[in-house]
Amino acid sequence: MRLWHENLLSKLPRQQLLGQHRECCALRGGGWGKKHRTVDYVFTHSPYKLFQYHSKVMQEMQRRGYSPNSLWLNPFYRGTKEAPYTSLLIVPTTTPIYPEHNAAYYQECIDNLAMKGINIP
């Protein structure tokens, strides 16, 4: 489980982009707060940041002709198995969305993709 650096979203192959959507859905739903070394930093921020990131993923999906479920465009939505948020700390969008997505993390993502045989220039 990994959230790719947001600057890579437009460069990800189809499989990784759609996988990222699934990861975001899982994290926004029942996976919120469940420990995982690679994404633990997400839980130190408002869930609204994850919504902001997921929105970028869905925008890229739409740009490529995919149609993610529009219910995910609601920041309170948590999937079919979790109750929606009744309140949510809405935070301004920052660049990057997650401060952890710095230059070192970008390189870590590039290296991870390269290990999978995906070379991003």
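Scroll up to find the structure.
Source: prediction; values computed, not measured.

What counts, and where the lines are drawn
Residues numbered from 1 in each chain as written. Predicted model: local features only at pLDDT ≥ 70, side-chain atom pairs only at ≥ 80, totals over all residues. Heavy atoms only, no water. Helix = DSSP H or I, 4+ residues; strand = E, 2+ residues; numbered from the N terminus. Buried < 20%, exposed > 50% of the residue type's maximum accessible area, 1.4 Å probe, protein only. Polar contact = N/O pair within 3.5 Å; in protein donor to acceptor, adjacent residues only side chain to side chain. Contact = heavy atoms within 4.5 Å. 1 Å grid on protein atoms, 1.4 Å probe; cavity = no way out; pocket = protein on both sides within 12 Å on 5 of 7 lines; lining within 4 Å. Points joined across faces, edges and corners; volume = space filled by probe spheres on them. Nonpolar A, V, L, I, M, F, W, Y, C, P; charged D, E, K, R; others polar.

Caption draft 1: Structural detail: the side chain of His-101. When you line up the elements, His-101 lands in the loop between helix H2 (47-63) and helix H3 (103-115). Its relative accessible area of 2% is what places His-101 among the buried residues. Within the local environment of His-101, its side chain forms a polar contact with the side chain of Tyr-41, the two groups lying 2.6 Å apart. In this structure, His-101 is in contact with Leu-3, Trp-4, His-5, Glu-6, Tyr-41, Tyr-53 and Pro-96, ignoring residues within four places of it in sequence.

Caption draft 2: Highlighting the layout of surface pockets. Within this model, the largest pocket holds a volume of roughly 190 Å³. As for the largest pocket, its lining consists of Met-1, Arg-2, Trp-4, Gln-15, Gln-16, Gly-19, Gln-20, Arg-22, Glu-23, Asn-112 and Lys-116. In terms of residue class, the lining of the largest pocket is built from two nonpolar, five polar and four charged.

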